[in-house]
Amino acid sequence: MQNKDLSLFEEVFKESPEIKYPKEGEIVNWEVVKVEKKNILVNVNNQFSWLVVSREIWNTVDLNTLTPWSNIDVMVLWDSVEKWLLILSLKRANQIKSLDNLNKYYNSEEIITVKPTEANKWGLLVDIDGLKWFIPVSQLTPLNYPRVEWADPSKILEHLEWLVWKEFKVKVINVDEDWKKIIFSEKAAISETRDKALSRLKEWDVVEWIVSWILTYGLFITFDGLEWLVHVSEIDRWHVNDPSKFAKVWQKVKVKVIGLDKDKISLSIKRLKENPWDLLAKKYKVGDTIKAPISRISQFWAFMELEGWIQWLIHLSEISHWVVKDVRDFIKVWEEVEAKIINFDPKQKRIGLSIKALKENPKEDTSKEEVKKENSKENISKEEVKKEASK
């Protein structure tokens, strides 16, 4: 009986097709038989089944999406016909496909979407099928670039970590021969959009852009890949100590293009408003009287708050015709006073104000009285001389 079974087995074995054993380095497409915990059982050439173990799956596929009879690509890392042993890798097969795709994207300059998984002070790391590639800080668009006061490394890293897992549209701008240095660029992906936006822009245009960063020296404004500074001197007509009081990050603000030289743009917010000195010049001239509150006082000056937030000083010599040692003895803060405009140059942003010019000078009156007395004395003397001569 045993000899008969053995003979039958030998006959079946001879008639069965030859076992197709995969070769090392080969990438094959096989059918999933079963997903077990973190392993995948695949059908090898419809002849036997083999496991793809968890360390060779990595994070290249969501096991929940795999079902029996679906197909996957795996790479044969090692084979031994004698020992009847295979090492299969889904991770490595996907890496090879990714490298081929990246090379294709590099040559075609195609825009792709990636998600950074880590950050360091030099940029963002992108993990694709277990291979890590790079988006340098210098290749980020204005909205994502870490503009940090004094280039503080810890704050730069803090900002970059905030960008992890965010989707980025990028181009592949560098691929070396051994695939160890692949660089992505977000800037390159928007270069066409940026160039179009720049070509449409004209001097004196008013545009609404987004505030991307706020630093002590101004506001950074961005739109369609363009980013330029509204310098602190162009934020408001008056001195600006803190730009963050005028806008917030991500806020839309209107700005005026006041200079355009190739790709260098000069922007202003304050020039969207009429110059308060021009408004003042339309209303007043030299010799007019102006009434306004006193906003500040020091020993030698009183600051009058004029229209349009213009504050101008009145020197103590223009307070009274009498000697003034301390302005505070004559005027109080927020007291409304009248002053005469004694000189006015709106182009130079200068105005001269005087309170005493609206009042008669008592010293002049005293002098006139003394002159009259002297004249009357002189007339009396002349009369006396005549009387003596007539005698």
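Conventions used here
- Residues numbered from 1 in each chain as written.
- Predicted model: local features only at pLDDT ≥ 70, side-chain atom pairs only at ≥ 80, totals over all residues.
- Heavy atoms only, no water.
- Helix = DSSP H or I, 4+ residues; strand = E, 2+ residues; numbered from the N terminus.
- Buried < 20%, exposed > 50% of the residue type's maximum accessible area, 1.4 Å probe, protein only.
- Contact = heavy atoms within 4.5 Å.
- Areas by Shrake-Rupley, 256 points an atom, 1.4 Å probe, with all protein chains shown as cover.
- Polar contact = N/O pair within 3.5 Å; in protein donor to acceptor, adjacent residues only side chain to side chain.
- Phe/Tyr/Trp six-rings, centres within 6.5 Å; stacked < 30°, edge-to-face > 60°.
- Pairing = 2+ DSSP bridges.
- Axes fitted to C-alpha atoms, helices over the stretch in contact; angles between N-to-C directions.
- Patch = residues over 30% accessible without salt bridge, like charges linked within 9 Å, V, L, I, M, F, W, Y side chains within 5 Å.
- Salt bridge = Lys/Arg side-chain N within 4 Å of Asp/Glu carboxyl O.
- Arc of directions from axis to C-beta.
- Lys, Arg positive; Asp, Glu negative; His and termini not counted.

### Some details on the overall build of the protein
Secondary structure assignment for the protein yields 7 helices and 21 strands. The 391 residues of the protein split such that 37% are buried. Summarising the internal contacts of the protein: among those between residues at least 6 apart in sequence, 60% fall at separations of at least 24. In the form shown here, the protein has an accessible surface area of approximately 25100 Å², with 52% of it arising from carbon and sulfur atoms.

### With respect to the side chain of Asp326
Position of Asp326 relative to the elements: it lies in the loop between β19 (311–315) and β20 (336–345). The buried category is assigned to Asp326, whose relative accessible area is 16%. At 2.9 Å, the side chain of Asp326 and the backbone nitrogen of Arg328 are in polar contact.

### Describing the packing of aromatic side chains
Any aromatic ring pair is given by two values, namely how distant the centres are and how the planes are angled relative to each other. Summed over the entire model, instances satisfying the criterion amount to 4 aromatic pairs. Arranged with centres 5.8 Å apart and planes meeting at 90°, the rings of Trp277 and Trp312 form a pair that is edge-to-face. One end of the pair, Trp277, is in helix α6 (residues 276–283); the other, Trp312, is in strand β19, and 35 residues separate them in sequence. We classify Trp312 as partly exposed; its relative accessible area is 22%.

### A look at the sheet that holds strand β13 (residues 218–223)
Taken together, 5 strands build an open sheet; the order of strands is β14-β13-β12-β15-β16 and the sheet is antiparallel. Each edge of the open sheet carries a strand with a single partner, namely β14 (226–231) and β16 (264–268). Averaged over all neighbouring strand pairs, the angle between strand axes comes to 50°, with direction disregarded. Direction of pairing for strand β15 (residues 252–261) relative to β16: antiparallel, over a ladder of 5 bridges.

### Examining a nonpolar patch on the surface
Together, Leu77, Trp78 and Ile87 give the surface a local cluster of nonpolar side chains, amounting to about 220 Å² of exposed area. Along the chain, Leu77 falls in strand β4 (residues 71–80). With relative accessibility at 30%, the residue Leu77 sits in the partly exposed group.

### Observations concerning the sheet that holds strand β18 (residues 301–305)
Strand order in the open sheet made by the 5 strands is β19-β18-β17-β20-β21, with antiparallel pairing throughout. Pairing within the sheet leaves two strands with one partner each, and these edge strands are β19 and β21 (350–354). Across this sheet, the average inter-strand angle for adjacent strands is 55°, counted without regard to direction. For β18 and β19, the ladder comprises 5 bridges, and the chain directions are antiparallel.

### Here's the deal with helix α3 (residues 153–162)
Within the sequence span of α3, burial applies to Ile156, His159 and Leu160. Along the axis of α3, the buried positions cluster into a sector of 100°, meaning they face one direction only. Residues of α3 that are exposed and point over 90 degrees away from its buried face: Glu158 and Trp162. In this structure, the buried side of α3 is in contact with β7 (116–120), β8 (123–128) and β12 (206–215).

### Brief notes about the environment of Val333
Among the secondary structure elements, Val333 is positioned in the loop between β19 and β20. Sequence-wise, Val333 and Met304 are 29 residues apart; in three dimensions their C-alpha atoms are separated by 9.5 Å. Beyond its immediate sequence surroundings of up to four residues, Val333 is in contact with Ile294, Ser295 and Ile297.

### As for the pairing of strand β11 (residues 182–185)
Where burial is concerned, the two faces of β11 agree: the one with Ile182 and Phe184 and the one with Ile183 and Ser185 are both buried. Bridge count for strand β10 (residues 168–175) against β11 is 4 bridges, and the pairing is antiparallel. Following the sheet pairing, Lys171 is matched in β11 by Ser185.

### Focus: the pattern of salt bridges
Pairs can form between side chains of opposite charge whenever their charged atoms are close. A full pass over the atoms with the stated rule returns 10 salt bridges. Between Arg271 and Glu234 there is a salt bridge, with the nearest N and O atoms lying 2.9 Å from each other. Residue Arg271 is found in the loop between β16 and α6, and its partner Glu234 is found in the loop between β14 and β15; the two are separated by 37 residues along the sequence. Put simply, Lys285 and Asp288 hold a salt bridge, and the shortest N to O gap is 3.3 Å.

### A short note on the pairing of β10
Note: strand β6 (residues 112–114) against β10, 3 bridges, orientation antiparallel. The residue of β10 that forms the bridge with Val114 is Phe168.

### Some remarks on the environment of Arg328
Along the chain, the position of Arg328 falls in the loop between β19 and β20. For Arg328, a relative accessible area of 41% corresponds to the partly exposed category. In the structure, Arg328 is positioned 30 residues away from Ser298 in sequence and 7.0 Å away in space, judged by C-alpha atoms. Ignoring sequence-local partners within four residues, the contact set of Arg328 consists of Ile297, Ser298 and Gln299.

### Thoughts on unusual backbone geometry
Positive phi values are uncommon outside glycine, yet Glu109 reaches one of about 60°. Mapped onto the elements of the fold, Glu109 is located in the loop between α2 (90–108) and β6.

### Some thoughts on the side chain of Glu186
Relative to the helices and strands, Glu186 resides in helix α4 (residues 186–189). Comment: no salt bridge for buried Glu186; closest opposite-charge side chain is Lys166, at 5.7 Å. Looking at Glu186, its side chain comes within polar contact range of the side chain of Asn144, at 2.9 Å. Setting aside residues no more than four positions away along its own chain, Glu186 makes contact with Gln139, Leu140, Thr141, Asn144, Phe168, Lys169 and Val170.

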